[in-house]
Amino acid sequence: MKLEIRDTPGQLVAALKPISDLGGNIKSVIHERDPLNDSGFLDVRILLEMPEGKIRTLTDSLKEQGVNVLRINEERLLIRKSVILIGHLLHTDLSDTVDKIDNTGFAEVGELSMIMPSLNEPTSAKMTIISENLTNLERAMNILKDIAEEKNILIVEPLEDF
Amino acid sequence: MKIAILGFGSVGRGIARIVAERETGLVITAVADSKSGCIDNNGLNPLEVIRAKEETGLCGKKGVTPEYIIKNADYDALVEVTPTNAETGEPSLGFIKLALSTGKHVVTSNKGPVALNYDELSHIAREKEVQFKYEATVCGAIPIIQTLQYGLAGNKVKKLYGVFNGTCNYILTRMADERLTYKQALLEARELGYAEADPKYDVEGIDAAIKLVILANTIFGMKKRLEDVEITGICSLTSEAIELAEADELTIRLIGEIDNERGTLRVSPRVIPKDHTLVVQDTLNAVTIETDLAGEVTLIGRGAGSIETASAIISDLSFISNCHDRSS
Ligand SMILES: NC(=O)c1ccc[n+]([C@@H]2O[C@H](COP(=O)([O-])OP(=O)(O)OC[C@H]3O[C@@H](n4cnc5c(N)ncnc54)[C@H](OP(=O)(O)O)[C@@H]3O)[C@@H](O)[C@H]2O)c1
């Protein structure tokens, strides 16, 4: 997310402290002189990552500290997980599997690439599932696992914590 | 310290060779294979026993049985290196119990009895004030048990995961490097002696699962059986699947995993970055231990082989003779 504040003396320090206190990660701090702004102060743009759900707490504590918050631009990061599927994917109707995940409303299939083997050999495919948060990604993965078990498809998952 | 060796195959002979070639402070007083045995309480000549075994198929005289040796030979520690039986642990289980209950230390590379009956065996050992050690059962030459019991003492282990089966790792390495099919790679592994005639235990993930059970029960105090491990082997992996992974600088490895916080054990093929520490080549093993104080510790080394496995046995024996041998 992007946080823009007015840099009156002391404000930058006051703004940075609650960010790190809440487990946020500051990516960059950019001072920008606004040509339309003749107040003599600098506007500061801070690019940072915050754990989900902590943004409201952050703005509250910034306000408490009297930091002049100009704008908050919140960008939701999407979480993705790619798995490899092996099985008779076409016979078992792959598009049905994709639909089941897309229809959940909380996750979708982002990419799907496939390599076709010789006739009657199992097909291998790489499927990327995208969701807004970890919980929903796991829910989607469980749906995929159920389908895989039912249709006798092997799922090769990534080793977590790369 | 005097030792008696039960089982004179690849590992048993590896031990005898090391004892013959370097100063270990060990004296071999008895050896048995499946059909014969020999005893000399003043010490056998290890190279002569190896020669006899290689020339005649027998290490000694018929009728000198493991039970006879356990009860009658003069030794401080029994080295139990007979074949693994994952279902019952026998006959090794009986040999180990007999030796422990007559007050002898036991060192083994045999996974069966340790995976199935560790509680009972360590109980007998404690009662008799002797040592029961099994470093060689998990990851061959890698000192994983020693590291967990002593090196990382005081740490809480959160997770432990890695490559526990050299045969599967060899097959997956060859499938990735040479675009071999699973069947071709398995055939090659067999020709090189890395895979058994019946490779089921390795490729179905059972061997890796047994090693997880051993670590879970002996180090983490769990009460797991083989049936408690979620197991997927590598038999249905395709070369296309590896090709898909490689397109993103990833590859596939068979990973065994203990989640000590959730108490779960799992063996499954996993997608993993090609430059990951656990992506080792050929028959190597590699294990990462995630701890609260030391952070991550990764051990990499040879998971099998005659001399490599014997190295772990010799290490256990040295530990016993340095720290616990009452006769010295
Ligand atoms: N090789 C490795 O790299 C490795 C690594 C880790 C753990 N291990 C474990 O170490 C153990 C030994 O492996 P290995 O590779 O040495 O096996 P191996 O080469 O097959 O040798 C087994 C030996 O045990 C003997 N034996 C079989 N049944 C017996 C019985 N009832 N009483 C006495 N001796 C008996 C065999 O006798 P004959 O010679 O008469 O057939 C043979 O000498 C196994 O449990 C294995 O799982 C091996």
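Residues numbered from 1 in each chain as written. Chains lettered and ligands numbered in written order. Predicted model: local features only at pLDDT ≥ 70, side-chain atom pairs only at ≥ 80, totals over all residues. Heavy atoms only, no water.

Moving on: the packing of aromatic side chains. Scanning all chains against the criterion turns up five aromatic pairs over all chains. Ring geometry for Phe 132 of chain B against Tyr 134 of chain B: centres 6.2 Å apart, planes inclined by 40°, an arrangement best described as tilted. Considered together, Phe 132 of chain B and Tyr 134 of chain B belong to a single accessibility category, that of buried residues. Ring geometry for Tyr 150 of chain B versus Phe 319 of chain B: centroids 5.4 Å apart, planes at 35°, classification tilted. Here Phe 319 of chain B lies in helix 12 (residues 306–323) and Tyr 150 of chain B lies in helix 6 (residues 144–151), a separation of 169 residues in the sequence. The class of Phe 319 of chain B is buried, set by a relative accessible area of 14%. Through a chain of ring-to-ring contacts, three or more aromatic side chains come together here, namely Tyr 118, Phe 132 and Tyr 134 of chain B. Note that Arg 139 of chain A overlies the ring of Phe 106 of chain A, its terminal NZ or CZ placed 3.8 Å from the centroid. The side chain of Lys 133 of chain B reaches across the aromatic face of Phe 319 of chain B, ending 4.1 Å from its centre. (Phe/Tyr/Trp six-rings, centres within 6.5 Å; stacked < 30°, edge-to-face > 60°. Buried < 20%, exposed > 50% of the residue type's maximum accessible area, 1.4 Å probe, protein only. Helix = DSSP H or I, 4+ residues; strand = E, 2+ residues; numbered from the N terminus. Lys NZ or Arg CZ within 6 Å of the ring centre and 35° of its normal.)

On to the pairing of strand 6 (residues 105–108) of chain B. Residues and elements named next belong to chain B. Across the two faces of strand 6 the burial is the same, with His 105 and Val 107 and Val 106 and Thr 108 all buried. By the bridge criterion, four bridges tie strand 5 (residues 77–80) to strand 6 in an arrangement that is parallel. By the bridge assignment for strand 6, Ala 77 is matched with His 105. Taking the sense of rotation as the criterion, the β-α-β connection linking strand 5, helix 4 (residues 92–101) and strand 6 turns out right-handed. The sheet contact formed by strand 6 and strand 7 (residues 132–133) spans two bridges and is parallel. When the sheet's bridge partners are listed, Val 107 is paired in strand 7 with Lys 133. Between the parallel pair strand 6 and strand 7, the chain is carried across by helix 5 (residues 111–127), and the sense of this crossover is right-handed. (Pairing = 2+ DSSP bridges. Right-handed = clockwise from strand over helix to strand, strands pointing away.)

Next up on the list: the interface of chain A and chain B. Contacts between the two partners involve 17 residues from chain A, matched on the other side by 23 residues from chain B. Taking both sides of the interface into account, the surface hidden between chain A and chain B amounts to around 1700 Å²; carbon and sulfur atoms contribute 67%. At the junction of chain A with chain B, the criterion picks out two salt bridges. A salt bridge links Arg 266 of chain B to Glu 157 of chain A; the shortest N-O distance between them is 2.8 Å. Inspection of the chain A/chain B interface yields seven residue pairs in polar contact (both at pLDDT 80 or more). Looking at the side of chain A that touches chain B, the elements that each hand over two or more residues are strand 5 (79–87), strand 6 (107–115), strand 7 (123–131) and strand 8 (154–158) of chain A. Take the side of chain A that touches chain B: its biggest share by element is four residues, from strand 8 of chain A. Pairing of strand 8 of chain A with strand 11 (residues 264–273) of chain B, which is carried by two bridges, proceeds in the parallel orientation. Pairing of Pro 158 of chain A across the sheet is with Val 271 of chain B, part of strand 11 of chain B. (Contact = heavy atoms within 4.5 Å. Buried area = accessible area lost by both parts, 1.4 Å probe. Salt bridge = Lys/Arg side-chain N within 4 Å of Asp/Glu carboxyl O. Polar contact = N/O pair within 3.5 Å; in protein donor to acceptor, adjacent residues only side chain to side chain.)

Residue and element names in this part refer to chain B. Split by domain assignment, chain B resolves into domain 1 (2–140 + 307–327) and domain 2 (145–302). Domain 1 and domain 2 are separated by 28 Å when their C-alpha centres are compared. The interface is formed by 17 residues belonging to domain 1 together with 20 residues belonging to domain 2. If you sort the residues of domain 1 by the area they bury against domain 2, Tyr 134, Val 138 and Cys 139 come out on top, with a joint share of 30%. The interface formed by domain 1 and domain 2 holds three salt bridges in total. Lys 223 is the salt-bridge partner of Asp 119, the closest N and O atoms lying 3.1 Å from each other. Here domain 1 is connected to domain 2 by six residue pairs in polar contact (both at pLDDT 80 or more). Secondary-structure elements contributing two or more residues to the side of domain 1 that touches domain 2 are helix 5 and helix 12. Sorting elements by how many residues they give to the side of domain 1 that touches domain 2 places helix 5 first, with six residues. Broken down by class, the residue content of the side of domain 1 that touches domain 2 amounts to nine nonpolar, two polar and six charged. (Domains from an automatic or database assignment. Nonpolar A, V, L, I, M, F, W, Y, C, P; charged D, E, K, R; others polar.)

A few words on the packing of helix 1 (residues 10–21) of chain B against helix 12 of chain B. All names here are of chain B. One can describe the packing of helix 1 onto helix 12 by two numbers: an axis separation of 8 Å at closest approach and a directional angle of 70°. Overall, the two elements helix 1 and helix 12 adopt an arrangement that is roughly perpendicular. Along this stretch, helix 1 crosses helix 12, giving a crossing that reads as right-handed. Listed contacts from helix 12 to Ser 10, Val 11, Gly 14, Ile 15, Ile 18 and Val 19 of helix 1 are Ser 306, Ile 307, Thr 309, Ala 310, Ser 311, Ile 313 and Ile 314. (Axes fitted to C-alpha atoms, helices over the stretch in contact; angles between N-to-C directions. Parallel < 35°, antiparallel > 145°, perpendicular 65-115°, else oblique. Left-handed = near helix turned anticlockwise from the far one by under 90°.)

The predicted model of chain A has a mean per-residue pLDDT of 81, with 85% of residues at 70 or higher. Highest mean pLDDT in chain A belongs to strand 8 of chain A (96); lowest belongs to strand 1 (residues 2–7) of chain A (70). (pLDDT = per-residue confidence, 0-100.)

Turning next to unusual backbone geometry. With an omega of 0°, the peptide bond between Glu 90 of chain B and Pro 91 of chain B qualifies as cis. Its place among the elements puts Pro 91 of chain B in the loop between strand 5 and helix 4. A positive phi angle, near 60°, is found at Asn 152 of chain A, a position not held by glycine. Mapped onto the secondary structure, Asn 152 of chain A falls in the loop between helix 4 (134–151) and strand 8.

On to a negative patch on the surface, then. Residue and element names in this part refer to chain A. On the surface, Asp 93, Asp 99, Asp 102 and Glu 108 cluster together into a negatively charged patch. Mapped onto the secondary structure, Asp 93 falls in the loop between strand 5 and helix 3 (94–102). Under the relative-accessibility criterion, Asp 93 is labelled partly exposed at 37%. (Patch = residues over 30% accessible without salt bridge, like charges linked within 9 Å, V, L, I, M, F, W, Y side chains within 5 Å. Areas by Shrake-Rupley, 256 points an atom, 1.4 Å probe, with all protein chains shown as cover. Lys, Arg positive; Asp, Glu negative; His and termini not counted. Charge placed at Lys NZ, Arg CZ, Asp CG, Glu CD.)

Residues and elements named next belong to chain B. Taken together, 22 residues lie near the ligand, and Ser 34, Lys 53, Thr 82, Ser 109 and Gly 305 sit nearest. In this structure, Thr 82 approaches the ligand through a main-chain N or O atom, which is 2.7 Å from an oxygen atom. In this structure, Gly 305 approaches the ligand through a main-chain N or O atom, which is 2.7 Å from an oxygen atom. Protein chains shield 74% of the accessible area of the ligand, which is 900 Å² for the free molecule. A per-class count over the shell around the ligand returns nine nonpolar, 10 polar and three charged. (Near = heavy atom within 4 Å.)

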